[in-house]
Amino acid sequence: MSAELLGSLRAIVGADHVLHGGDLARWELDWRKRFRGRALAVVRPASTEQVAAVVRCCAERRVPLVPQGGNTGLVGGGVPDASGTQVLLAMGRMHRVRGIDAANLSMTVEAGCVLQAVQEAAASACLLFPLSLAAEGSCTIGGNLATNAGGTQVLRYGNARELCLGLEVVTPAGEVWDGLAALRKDNTGYDLRDLYIGSEGTLGVITAATLKLHPRPAAQWTALAACDSMSRCVDLLQLARSRFGAGLTGFEVMNTLSLALVARHFPALPRPLAPSPWTVLIEFSASDAGAEAACRERFESLLQAAFEAGAITDAALAESLAQAKQLWHLRESIPLAQAEEGLNIKHDIALPVSAIPSFVDATDAQILRRFPGARLVDFGHLGDGNLHYNVQAPEGVAAADFLEREEKAVNRVVYDAVAAHGGSISAEHGIGALKRDTLPHYKPAVALGLMRAIKAALDPLDLMNPGRVL
Ligand code: FAD
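Cut-offs and rules
Residues numbered from 1 in each chain as written. Predicted model: local features only at pLDDT ≥ 70, side-chain atom pairs only at ≥ 80, totals over all residues. Heavy atoms only, no water. Helix = DSSP H or I, 4+ residues; strand = E, 2+ residues; numbered from the N terminus. Rg over C-alpha atoms; globule rule 2.2 N^0.38 Å. Buried < 20%, exposed > 50% of the residue type's maximum accessible area, 1.4 Å probe, protein only. Contact = heavy atoms within 4.5 Å. Areas by Shrake-Rupley, 256 points an atom, 1.4 Å probe, with all protein chains shown as cover. Pairing = 2+ DSSP bridges. Phe/Tyr/Trp six-rings, centres within 6.5 Å; stacked < 30°, edge-to-face > 60°. Near = heavy atom within 4 Å. Polar contact = N/O pair within 3.5 Å; in protein donor to acceptor, adjacent residues only side chain to side chain. Nonpolar A, V, L, I, M, F, W, Y, C, P; charged D, E, K, R; others polar. Salt bridge = Lys/Arg side-chain N within 4 Å of Asp/Glu carboxyl O. Expected span 1.5 Å × (residues − 1). Disulfide = S-S within 2.5 Å. Arc of directions from axis to C-beta.

With that settled, consider the overall build of the chain. Assigned secondary structure in the chain consists of 16 helices and 19 strands. Relative to its length of 470 residues, the chain is compact, with a C-alpha radius of gyration of 23 Å against a globular reference of 23 Å. With respect to the three principal axes, the spread of C-alpha positions in the chain is 75 × 55 × 45 Å. Looking at the chain residue by residue over its 470 residues, the buried ones come to 54%. Restricting the contact set of the chain to residue pairs at least 6 apart, pairs at least 24 apart contribute 73%. By element, 53% of the accessible surface of the chain is carried by carbon and sulfur atoms, the whole surface being about 19,600 Å².

Written as structure tokens, this is what we have:
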């Protein structure tokens, strides 16, 4: 790295915040340990002005930049490539809550704010920021918006895009776009906010966001239910929707193997139900105070109706908040249990809910026929039509060998089936580096052409997270 560039970066953010040489693994290795890059330097800005100055400094010297938040992304989009030519922009020092406007149900935070801190700040104003995912203790709001994260509450509140009112962005030219409007209506031309949300750091750096808040639910009930097939899970979803309406805030599914992996790697977690082909986690929220007894009655009556209709074979209703948390903990432990088990072939897919049973039946059969012994670890947000359809190496086979040998063929089977069922190859994790070369097979050529035109117009020197998405 040239001493001149190093000196300029140090002059902008301070010498302590330009890391060069030494052990940078924390920033260079992704959460799944699939992508290990090498950074020219790690730069840690503390303000929007510093981000803009760093971007200008790098642009003048044609040095590419990779923005990074909590480094919990699952598609290798937030770590540098192996060339050693990319500057990593670590956003963690930008973690201020700039303000909460309770009357407007909105708050403005800096991009490096950890999601859990955003939720806690909203709660301190007796309000709810509903974005919730298992990585919330480490991921940042900037990363959530850059990947348009989903999580467990999308069914009721929408994904990150629907929870964002405005953005502040540093463009690839180093200008600051102040789009932090706290408006729910603003039809003044192209929606730049929507362009940046989900752009995975390829169009600029998100430095702050104005977020949509909601009233906190007055009461919540959570249950697990056992289903014999995916088709029964969809029956239960329809029943729960018709009974709870907008009160249905969570509907997650987990197959036998997902929970078996949790039992293997986290044996202390309670398992309230015996293993069944599918276990569903249902959450019902009510907004009216004093609704607890009525909620419980409605939940019991849903489960009774589901038994009678043959949709479920067993159920356990949480008796307390602590028990409800344990049920959620089971669900949220699946990705961690999978990571403990070893690398797997991940598919984060979206399908129309009505197509999911036939997708699962057809694809399970094909995978097991073509890759005997492969372990299907399927779970996800059925209420949003989003499955994490993961294929783990057969018991006793080294995960890395299985991936090297079979990943492409497994992906082909799964993604062809997704396309045949009208789905998408990325529901909430994004494209990053992992799916970049797969995207052109499944995205219409016209759409890809428009995306390339946008990238070329906004980042003509291809300096923002190059080689990701496109
Ligand atoms: P990073 O990993 O640091 O970066 C992700 C991408 O965003 C990269 O392309 C990066 O360049 C870009 N980026 C980061 N910050 C900025 C910025 N300020 N400006 C511009 N670009 C930026 N995702 C879901 O949607 N739903 C889930 O339920 C879910 N569960 C998860 C569970 C676990 C255990 C883990 C590890 C991950 C999970 N994820 C889930 C993945 C999810 O995408 C990330 O956790 C999160 O949204 C990324 O935030 P981050 O701050 O870690 O971003």
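Our focus in this paragraph is the sheet that holds strand E1 (residues 18-19). The sheet built from 4 strands is open, its strands ordered E1-E2-E4-E3 with mixed pairing. Edge strands, defined here as strands with exactly one partner in the open sheet, are E1 and strand E3 (65-68).

Following the criterion strictly, the structure yields 6 aromatic pairs and no others. Centre to centre, the rings of Phe 284 and Phe 299 are 6.4 Å apart; their planes meet at 75°, and the pair counts as edge-to-face. Residue Phe 284 is located in strand E14 (residues 278-286), and its partner Phe 299 is located in helix H10 (residues 292-308); the two are separated by 15 residues in the primary sequence. Of the two residues, Phe 284 and Phe 299, both sit in the buried class. When the ring of Tyr 415 is compared with that of Tyr 442, the centres are 5.9 Å apart and the planes differ by 65°; the resulting orientation is edge-to-face. Taken together, the positions of Tyr 415 in helix H14 (residues 399-420) and Tyr 442 in helix H15 (residues 439-442) put the pair 27 residues apart, joining distant regions of the chain. Taking relative accessible area as the criterion, Tyr 415 reaches 2% and is therefore assigned buried. Joined through ring pairs, the aromatic side chains of Phe 244, Phe 284 and Phe 299 make up one cluster.

A few words on the site of the ligand. With respect to spatial proximity, 36 residues lie near the ligand, and among them Pro 67, Gly 69, Thr 72, Gly 73 and Thr 140 are the closest. Measuring from an oxygen atom of the ligand, one finds a backbone N or O atom of Pro 67 at 2.6 Å. Contact between the ligand and Asn 71: an oxygen atom at 2.9 Å from a main-chain N or O atom of the residue. A total of 970 Å² of accessible area belongs to the ligand in isolation, and the protein chains cover 97% of it. Of all the elements in the fold, those that place two or more residues in the shell around the ligand are E3, helix H5 (141-146) and strand E10 (205-212). Of all the elements, H5 adds the most residues to the shell around the ligand, at 4 residues. Across the shell around the ligand, the residue classes tally to 14 nonpolar, 20 polar and 2 charged.

Another aspect to go through is the pattern of salt bridges. Two side chains with opposite charge may pair up if their charged atoms get near one another. Here the structure, examined in full by the defined rule, presents 22 salt bridges. With a shortest N-O distance of 3.2 Å, Arg 98 and Glu 168 are connected by a salt bridge. Residue Arg 98 is found in strand E5 (residues 97-101), and its partner Glu 168 is found in strand E8 (residues 164-170); the two are separated by 70 residues along the sequence. Given the relative accessible area of 8%, Glu 168 is considered buried. The partner of Arg 405 in a salt bridge is Glu 406, with the nearest N and O atoms 3.8 Å apart. A single network of salt bridges, built from pairs that share partners, joins Arg 96, Arg 98, Glu 110 and Glu 168.

Let's shift gears to helix H3 (residues 48-60). Note: α-helices contain 3.6 residues per turn, so residues at a spacing of three or four share the same orientation. For H3, which comprises 13 residues, the first-to-last C-alpha distance of 18 Å matches the rise-based estimate of 18 Å (1.5 Å per residue) to within 8%. Most of H3 is tucked away, with 10 of its 13 residues classed as buried. Every buried residue of H3 is accounted for by Thr 48, Gln 50, Val 51, Ala 52, Ala 53, Val 54, Val 55, Cys 57, Cys 58 and Ala 59. The positive-phi residue at the C-terminal boundary of H3 is Arg 62, with phi of around 60°.

So, about the state of the cysteines. Across all of its chains, the model carries 0 disulfides by this definition. No disulfide involves Cys 295; its sulfur sits 19 Å from the nearest other cysteine sulfur, which is in Cys 126. Given the relative accessible area of 2%, Cys 295 is considered buried.

The subject of this paragraph is helix H13 (residues 356-370). Its 15 residues give H13 an end-to-end C-alpha distance of 21 Å, which sits within 8% of 21 Å, the value for a rise of 1.5 Å per residue. Those residues of H13 lying buried are Ile 356, Pro 357, Phe 359, Val 360, Thr 363 and Ile 367. For H13, the arc enclosing every buried residue in end-on projection is 150°, short of the 170-degree limit, so these residues lie on one face. Among the exposed residues of H13, those oriented more than 90 degrees off its buried face are Asp 361 and Arg 369. The elements touched by buried residues of H13 are helix H8 (230-244), E14, strand E17 (348-350), strand E18 (375-381), strand E19 (386-392) and H14.

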